[in-house]
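Analysis of the macromolecular model
Here is how the chains run, residue by residue.
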Amino acid sequence: MKKITIAIDGFSSTGKSTLAKQLANHLGYVYVDSGAMYRAVTLFAMQNGYIGTDFFDKQTLINSLPYIKLHFQFNPDLGFAEMYLNDVNVEKEIRTIEVSNFVSKVAEVSEVRSKLVEQQQEMGKKRGIVMDGRDIGTVVFPDAELKIFMNASPETRARRRYDELQSKGQNVTFEAILKNVEERDHIDTHRDDSPLLKADDAIEMDNSALTREEQFEVVLELVLKVTKSL
Ligand code: DC
C-alpha cells in the first residue's frame, strides 16, 4: 500500500500524540512529536539561563541555535522515538510543567520555527510519517494526504494532563494545569508566525466524548480511504 503523510494538529493535550503513536505503530510509519522539539529547545534555553519566570534573552537563544542538535532515537521498550538534545536523552525533562510554562514563548521565535520546520520537512521526505503539532498541516506538510485537527474542551484536556503528570509522580494542582492549558491556547493561536490554525482541508475531530480506541478506529478508516484512492 502506498505510504502517505499524516498531519495531526490541534490544541495542547487533545491526545494528538496518543493517536499519532497508535497510527504509526499500526501502519509501520515513523512517528514524530514536533512539540518535543520545541520543548527541547526550551529546555536548552532554561539550562543556559536564557529564559526564566520574568526574562527571556531571545537574541542569545537565536545566536545559540547552531549549537542545538536535536534527534529522535527509537526506544523499542517504549515503542516510540525519544527526544535527544545534544546527544542526551531529555524525554523526561521536556515534559515538566516548567518547560510547559515557557515553551510557547520559545515557539513564538521565527528563527526557532524555521530551524525546526526545516528538520521536520527533511524527516518527512520519504512519506510514511505521522507528525503531530500545531502547524503540520498548514506549514510543515501543506501537501499531506490526510490532515486531522483535534479539539476538546480545556477542562477535559487539563484533566488528561493532570492524570498523566500524577501517574508520573509530578506534584501539580489541577488549577495550575488548567491555567497552563488556557495560556498556551491563547499564545499558540495568537502568535504572528504560524499560529495554530485548522488547515482548510483538515478534518476536525472533537474527542471530548470519544475513547482512544473509538478515535483510532475513526481515523484509521480515513487513512485506508485516502490510501485506496491514490
Ligand atoms: O504538543 P506539545 O504540547 O508538546 O507542544 C509544546 C508547545 O510547542 C506548544 O505549546 C506549542 C509549541 N508547538 C508549536 O508551536 N508548533 C508545533 N508544531 C508543535 C508544538
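Refer to the structure presented above.
So, here is what we can say about the structure in this document. Starting afresh in each chain, residues are numbered from 1 along the sequence in its written order. For a predicted model such as this one, the threshold for reporting local features is a pLDDT of at least 70, and the threshold for listing and counting side-chain atom pairs is 80 or more; totals across whole chains, interfaces and linings nevertheless cover every residue. Here the side-chain values reflect all heavy atoms present in the structure, with hydrogen atoms and water set aside.

So, about the overall build of the chain. For the chain, the helix and strand inventory stands at nine helices and 10 strands. Restricting the calculation to C-alpha atoms gives the radius of gyration, and the globule rule supplies 2.2 Å times the number of residues raised to the power 0.38. A compact globule built from 230 residues should have a C-alpha radius of gyration of about 17 Å, and the chain, at 17 Å, falls within 12% of that. Dimensions along the principal axes, computed over C-alpha positions, put the chain at roughly 50 × 40 × 35 Å. Each residue is assigned to one of three classes by its accessible area relative to the maximum for its type, calculated with a 1.4 Å probe on protein chains only: buried under 20%, partly exposed between the two thresholds, exposed over 50%. Every one of the 230 residues in the chain was classed for burial, and the buried ones make up 50%. Contact between two residues is taken to exist if any of their heavy atoms lie within 4.5 Å; hydrogens are not considered. Long-range contacts, defined here as pairs at least 24 residues apart, represent 71% of the contacts in the chain between residues at least 6 apart. Here the chain carries 29 positive and 36 negative side-chain charges, and the mean point of each set is 3 Å from the other. Only runs of H or I of at least four residues qualify as helices and only runs of E of at least two qualify as strands under DSSP, and these elements are numbered from the N terminus. In this count, Lys and Arg are taken as positive residues and Asp and Glu as negative ones, while His and the chain termini are left out. Where a charge sits is defined by one atom per residue type, namely NZ (Lys), CZ (Arg), CG (Asp) or CD (Glu).

What follows deals with the packing of aromatic side chains. Note on aromatic pairs: the rings of Phe, Tyr and Trp (six-membered ring only in Trp) are paired at centre separations within 6.5 Å, and the planes decide the class, stacked below 30 degrees, edge-to-face beyond 60, tilted for the rest. Taken as a whole and assessed by the stated rule, the structure comprises three aromatic pairs. Relative to Phe-149, the ring of Phe-11 has its centre 6.2 Å away and its plane inclined at 80°; by these criteria the two rings are edge-to-face. Taken together, the positions of Phe-11 in the loop between β1 (5-10) and α1 (16-27) and Phe-149 in strand β9 (residues 146-151) put the pair 138 residues apart, joining distant regions of the chain. As far as the burial class goes, Phe-11 and Phe-149 line up, both buried. Considering the side-chain rings of Tyr-162 and Phe-174, the 6.1 Å spacing of their centres and the 85° angle between planes classify their relative orientation as edge-to-face. Linking Tyr-162 in helix α7 (residues 154-167) with Phe-174 in helix α8 (residues 174-190), this pair joins segments that are 12 residues apart in sequence.

When DSSP locates at least two bridges between a pair of strands, those strands are taken to pair. Spatial strand order, β2-β8-β1-β9-β10: five strands in an open sheet with parallel pairing. Of all strands in the sheet, those with a lone pairing partner are β2 (30-33) and β10 (203-206), marking the two edges. Pairwise comparison of adjacent strand axes, ignoring direction, gives a mean angle of 20° for this sheet. For β2 and strand β8 (residues 129-133), the ladder comprises four bridges, and the chain directions are parallel. Looking at the pairing, Tyr-31 lines up with Val-130 of β8. The strands that α1 touches are β1, β2, β8 and β9; relative to β1, the one it contacts most, it runs at about 165°. Simply put, an axis is a line fit to the C-alpha atoms, just over the touching stretch for a helix, and the angle between two N-to-C directions goes from 0 to 180 degrees. Those strands touched by helix α9 (residues 212-229) are β1, β9 and β10, and its axis lies near 160° from that of β9.

Take α1 next. Each α-helix winds once per 3.6 residues, and so residues spaced three or four apart point in a common direction. An ideal rise of 1.5 Å per residue puts 16 Å on 12 residues; α1 measures up with 16 Å between its terminal C-alpha atoms. Buried within α1 are the following residues: Lys-16, Leu-19, Ala-20, Leu-23, Ala-24 and Leu-27. Along α1, the residues classed as buried sweep out an arc of 130° about the axis, all on the same side. Set apart from the buried face of α1 by more than 90 degrees, the exposed residues are Asn-25 and His-26. The inward-facing, buried residues of α1 abut β1, β2, β8, β9 and α9. Immediately beyond the C-terminal end of α1, within one or two residues, lies Gly-28, with a positive phi of roughly 75°. To estimate the expected span of a helix, subtract one from its residue number and multiply by 1.5 Å. Here the arc refers to the set of directions running from the helix axis out to each C-beta atom.

Nearness is judged by heavy atoms alone; a residue qualifies as near a molecule or strand once a single heavy atom is within 4 Å of it. The full set close to the ligand counts 15 residues, and Ser-34, Arg-39, Arg-113, Asp-135 and Arg-184 are the nearest of them. Nitrogen and oxygen atoms within 3.5 Å of one another constitute a polar contact, given that in protein one can donate a hydrogen and the other can accept it, and given that sequence-neighbouring residues count only through two side-chain atoms. At 2.7 Å from an oxygen atom of the ligand is found a side-chain nitrogen or oxygen belonging to Arg-39. Contacts to the ligand include Arg-113, whose side-chain N or O atom sits 2.8 Å from an oxygen atom. For the ligand, whose accessible area on its own is 450 Å², the fraction buried by protein is 97%. A cavity here means a set of 1 Å grid points, computed over protein atoms only, where a 1.4 Å probe fits but cannot escape. A pocket is an open set with protein on both sides within 12 Å along at least 5 of 7 lines, and lining residues have an atom within 4 Å of a point. Think of it this way: if more than half of a molecule's atoms are within 2 Å of a pocket's grid points, that molecule is in the pocket or cavity. Its atoms largely coinciding with the cavity grid, the ligand occupies the largest pocket. Secondary-structure elements contributing two or more residues to the shell around the ligand are α2 (34-47), α4 (97-107) and α8. Considering every element that reaches the shell around the ligand, the biggest residue donor is α2, with four residues. Counted by class, the shell around the ligand contains four nonpolar, four polar and seven charged residues. To measure how exposed things are, a 1.4 Å probe is used in the Shrake-Rupley method; for residues, cover is taken only from the protein chains shown. Lys, Arg, Asp and Glu make up the charged group, whereas Ala, Val, Leu, Ile, Met, Phe, Trp, Tyr, Cys and Pro make up the nonpolar group; the residues left over, Gly among them, are polar.

In short, the description is geometric, and any link to function would need to be established separately.
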